[in-house]
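A structural walkthrough
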Amino acid sequence: MEATLEQLCAALRKYGMNPVLRGDSSRRIQRVATLEDAVAGDVSFLSNPKYEKVLQTTRASAVVLKPDLAAPPHLDLIQVEDPYAAITVLIVTLHGYRQHRRVPLDRTRSSVHETAVIGENATIHPGATVAEDVVIGNNAVLYPGSYVGPRSRLGDDVVLFPNVVLYDDTRIGNRVTIHSNTTIGEDGLGYAPVGGQWVKIPQIGCVEIEDDVEIGANCAIDRATLGQTRIGRGTKFSNLIAIGHGTHVGEHGLFVAQVGVAGSVTVGNHVTMAGQAGIVGHIRIGDGATIGAKAGVTNNVPAGDTVLGAPAIPIRDHKRQVVYMLRLPELNETVRRLEKEIAELRTRFTARA
Amino acid sequence: MEATLEQLCAALRKYGMNPVLRGDSSRRIQRVATLEDAVAGDVSFLSNPKYEKVLQTTRASAVVLKPDLAAPPHLDLIQVEDPYAAITVLIVTLHGYRQHRRVPLDRTRSSVHETAVIGENATIHPGATVAEDVVIGNNAVLYPGSYVGPRSRLGDDVVLFPNVVLYDDTRIGNRVTIHSNTTIGEDGLGYAPVGGQWVKIPQIGCVEIEDDVEIGANCAIDRATLGQTRIGRGTKFSNLIAIGHGTHVGEHGLFVAQVGVAGSVTVGNHVTMAGQAGIVGHIRIGDGATIGAKAGVTNNVPAGDTVLGAPAIPIRDHKRQVVYMLRLPELNETVRRLEKEIAELRTRFTARA
Amino acid sequence: MEATLEQLCAALRKYGMNPVLRGDSSRRIQRVATLEDAVAGDVSFLSNPKYEKVLQTTRASAVVLKPDLAAPPHLDLIQVEDPYAAITVLIVTLHGYRQHRRVPLDRTRSSVHETAVIGENATIHPGATVAEDVVIGNNAVLYPGSYVGPRSRLGDDVVLFPNVVLYDDTRIGNRVTIHSNTTIGEDGLGYAPVGGQWVKIPQIGCVEIEDDVEIGANCAIDRATLGQTRIGRGTKFSNLIAIGHGTHVGEHGLFVAQVGVAGSVTVGNHVTMAGQAGIVGHIRIGDGATIGAKAGVTNNVPAGDTVLGAPAIPIRDHKRQVVYMLRLPELNETVRRLEKEIAELRTRFTARA
């Protein structure tokens, strides 16, 4: 899409921002780009003042920035308090979200079981598989190589990118997006030890993913042994995340790449997990908690807490601990000195006595 | 399947349990379910006494629990010493293992090379690929998108879930299950540094997976540079596990999600690796060892040991270390106080002298 | 291929080595194998003297080893200073690199959009998908289940192993190899918090992978929000690696399995990242830096530095810290003893006074 600077400012006002336009309000803008990549017709932005000098060399036609920053006279400016939030609005306005090409169902090139029910305007690409007794909602898009196992239910506006696999009995809500090579509903690590060998426990539960969830690429979410593994409404996952069987993740969470959550964990709403964090099984992470990067969480985390380290402890304690660890050589030095001083004092005392 | 409570008790007795049935032995049971999800016709179980109050509200027809627990009169009870083990038997009895739909081979929809030999009753789904000179055993199931590379050999009763990839020359035993999006036999990180660049070393070895192994979803097991990368009989992997080239994993191991083992490692039999543990290359993990969650193992681990931490040390030492680290602020405080006391003593001593 | 020992020595001389041949220079060699696996007709090698006794039992026809090592008389020997480097040359000479079977394009079995431009001698296997407006170079190989999204550009001699997914607008250079189940160009974790929910920010950038890069299996490389996520020329990745949106990785790097790099990171040239290392967003890793296994890097790393630990610190400091942590029990003991000695001194002093 194309828009004038005046139209872009109008879009910002719709989101409650108060842009001040300095320049040619009728200038036509085609794209959002970084200051380095921008060409004529692009709008760019400066959110970190330390890159201010790039303003001198950018070829952008217009720049979004804070009111107090100077800029060369040839640039049209949109001044706002929060340039990063503003550029998000401009990306949506000018570029919108990814459009999915629609193709008619070709049963000779995709495998759609005769018992499957496919919603209106859904696109099942060649190379996708829909197994028996599946129900798929309206406007769904199943890219090549995606697989929907028996008896699964998908809501409206679901997107499965190439090679996503949903095992049998998976439940997916509306407006759920799952990125490539992610696996949902595989058997968890459920075995009973019998005579030095592992005997498999049938995993007869399933995975339920609620509305408006987005799951990144190459994740693996185990089905429950009994009942459901659940990802709550609005939660967003990055890539390479492992969720164990029977774990319930709450609503509106944000999980960064390579997080691992063991089985039977209850994660509250609005929880953030930073990269490579790990959670042991059978514990509770309270609402609004934040789990730091690489944290190894071995105990319940109260609502609202931020924890860090392995084993994870409250972040303030962890930071103090890190400082004390850095000072360990110095502390050892001090203790050795004190030892000497005490020995010397004793010697002097004894000599005197 | 459906069974009466009396039949379920008979099944438990076959596994050496001594169930006591309190209630209607002819009641017909269809499913195992959690206390929360159960409806009429379901059997459920209580293994953790802290959930005892859920017995009041469950809609299950029968519950498996320990002998000494009370339950409302409307529930039929199966009393056993180990309710969790018992429910495993009931899941197998009532639900069994996942059944794989059999479909006849359709060479227009799957790519099976003319030189491939496919066993009796094997199912090659549309969208699966079997390359040249492959041999596949009886009853194997290859789901859509699975790929078996040239010269690979698969035993009987192998299941490849959707989008599993086996590179060339892979050897898979009998009754092996591999979950979706797992890759077996890709080239490892084998490069020689030449003039500031990395020159690839051909990886001419292969991967060998022995009988009764189960590999989770989204794992990656490198082929060996020379010889074999091997996963021993009966070992079970969870998801997102990385195994380096030339590593040998023993029999009957249990590897939790996101474990990483570098190349040329020898892992003994009956080894447990907890989540996100990492093992450096060229070391040995002894039989029966346990590697704790997030451990970073940099040295050989003796048979039977349990290690934790990064670098990993015996668990007893690690736990003590964690306690001492928590007390570091206090220790620093003490040392500061001692410094003052010594200074004061010296002053008094000198004044006296 | 087959070669005589004399021909193998000639190959080593071409790489600047000075092999000394002791034995039958006309002996014909078919394969490289480990000492344990070798049979007649194989050449093997001994690089670690601790395995010297295996020379007594190997069935290899010839062995590459250092000049000063003894060997049984029935073995032909190639003596060189660096047996490991020499065997690499012999693997290339005798085995070469993996050959990819060429098949003609069959548009009824692969999905190649009519607008796609495919180079000469490229192989698009059945089950591969090439979307609209894609350009693919000469000699490319797209294995079954690989997917190339709209408007992507692939150079010459690119290999996509089975089930690799490239999202829209991906740019791939020449001689790039990507292993199975890797995802390139999925949306990163870009959301704006609005009223307690996460609103998606369209990710309109792309991924650019330069010449001679090799990416392992099951990796995930986010597309940029704006501009490019970039992997520099000659860099090699192992498996299960996550790269965040907008991150730039330099040239000739080596990344071990399960590394995670957050978004907007700048990684210099010739950087090594060991297994399970993690890098927070928006920092810089200097040229030639080495990031230790499991390191958690939270600050810029200067060029040439080696860091370890979480939070990561220079390796020398980290190793000292580890030693001091092991001595914490002892240090606490010492401090307790000093406390007692001071108390005793004070008592004696006071009694005397």
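Before going further, it helps to spend a moment on the sheet that holds strand 31 (residues 260-261) of chain B. Residues and elements named next belong to chain B. Judged by pairing direction, the sheet is parallel, and its 10 strands sit side by side in the order 8-11-14-17-20-25-28-31-34-37 without closing on themselves. In this open sheet, the two strands that pair with only one neighbour each are strand 8 (111-112) and strand 37 (296-297). In this structure, strand 25 (residues 220-221) lies alongside strand 28 (residues 242-243), joined through two bridges in parallel fashion. Bridged to Ile 221 within strand 28 is Ile 243.

Okay, helix 2 (residues 83-94) of chain A next. Residue and element names in this part refer to chain A. The end-to-end C-alpha distance of helix 2 is 16 Å, a good match for the 16 Å that 12 residues give at a rise of 1.5 Å each. Burial of helix 2 is extensive: nine of the 12 residues sit out of reach of the surface. Burial in helix 2 covers these residues: Pro 83, Ala 86, Ile 87, Thr 88, Val 89, Leu 90, Ile 91, Thr 93 and Leu 94. Downstream of helix 2 by a residue or two, Gly 96 has a phi angle that is positive, lying close to 65°.

All right, on to the interface of chain A and chain B then. Contact with chain A, which involves 47 residues of that partner, is made by 52 residues of chain B. Of all the secondary structure elements, the ones that give two or more residues to the side of chain A that touches chain B are strand 20 (183-186), strand 21 (191-194), strand 22 (197-200), helix 3 (315-326) and helix 4 (328-352) of chain A. Taken together, the residues of the side of chain A that touches chain B sort by class into 24 nonpolar, 17 polar and six charged.

With that out of the way, let us pick up the domain arrangement of chain A. Note: interface size is frequently given as the accessible area lost on complex formation between the parts. If you check the domain split of chain A, you get domain 1 (3-94), domain 2 (111-316) and domain 3 (323-353). The distance between the C-alpha centroids of domain 1 of chain A and domain 3 of chain A comes to 63 Å.

So, on to the pairing of strand 26 (residues 228-231) of chain A. Residues and elements named next belong to chain A. Neither face of strand 26 is exposed, since Gln 228 and Arg 230 on one face and Thr 229 and Ile 231 on the opposite face are all buried. By the bridge criterion, four bridges tie strand 23 (residues 206-209) to strand 26 in an arrangement that is parallel. For Cys 206, the partnering residue across the bridge sits in strand 26 and is Gln 228. Alignment of strand 26 against strand 29 (residues 248-249), held across two bridges, turns out to be parallel. Following the sheet pairing, Arg 230 is matched in strand 29 by His 248.

Attention shifts here to the sheet that holds strand 6 (residues 62-65) of chain B. Residue and element names in this part refer to chain B. Ordered by their spatial adjacency, five strands build an open sheet running 2-7-6-5-4, and the pairing between neighbours is mixed. In this open sheet, the two edge strands, each paired with only one partner strand, are strand 2 (20-22) and strand 4 (31-32). One ladder, built from three bridges, connects strand 2 with strand 7 (residues 76-79); its direction is antiparallel. Looking at the pairing, Leu 21 lines up with Ile 78 of strand 7. Against the sheet, helix 1 (residues 5-14) engages strand 2, strand 5 (42-45), strand 6 and strand 7, with an angle of about 10° to strand 7.

With that settled, the discussion passes to the relation of the copies chain B and chain C. Take chain B, turn it by 120°, move it 0.0 Å along the axis, and it overlays chain C with an RMSD of 0.1 Å. Considering both components of the superposition, the chain copies are consistent with a three-fold axis.

Taken together, the contact between chain B and chain C spans 47 residues of the former and 51 residues of the latter. Counting only elements with at least two residues in the side of chain B that touches chain C, the list comes to strand 21 (191-194), strand 22 (197-200), helix 3 (315-326) and helix 4 (328-352) of chain B. Sorting elements by how many residues they give to the side of chain B that touches chain C places helix 4 of chain B first, with 10 residues. For the side of chain B that touches chain C, the class distribution of residues is 24 nonpolar, 17 polar and six charged.

Analysis parameters
- Residues numbered from 1 in each chain as written.
- Chains lettered and ligands numbered in written order.
- Predicted model: local features only at pLDDT ≥ 70, side-chain atom pairs only at ≥ 80, totals over all residues.
- Pairing = 2+ DSSP bridges.
- Helix = DSSP H or I, 4+ residues; strand = E, 2+ residues; numbered from the N terminus.
- Expected span 1.5 Å × (residues − 1).
- Buried ≥ 20, exposed ≤ 12 C-beta atoms within 10 Å, placed from the backbone.
- Contact = placed C-beta atoms within 7 Å.
- Nonpolar A, V, L, I, M, F, W, Y, C, P; charged D, E, K, R; others polar.
- Domains from an automatic or database assignment.
- Axes fitted to C-alpha atoms, helices over the stretch in contact; angles between N-to-C directions.
- Least-squares fit on C-alpha atoms with pLDDT ≥ 70 in both.

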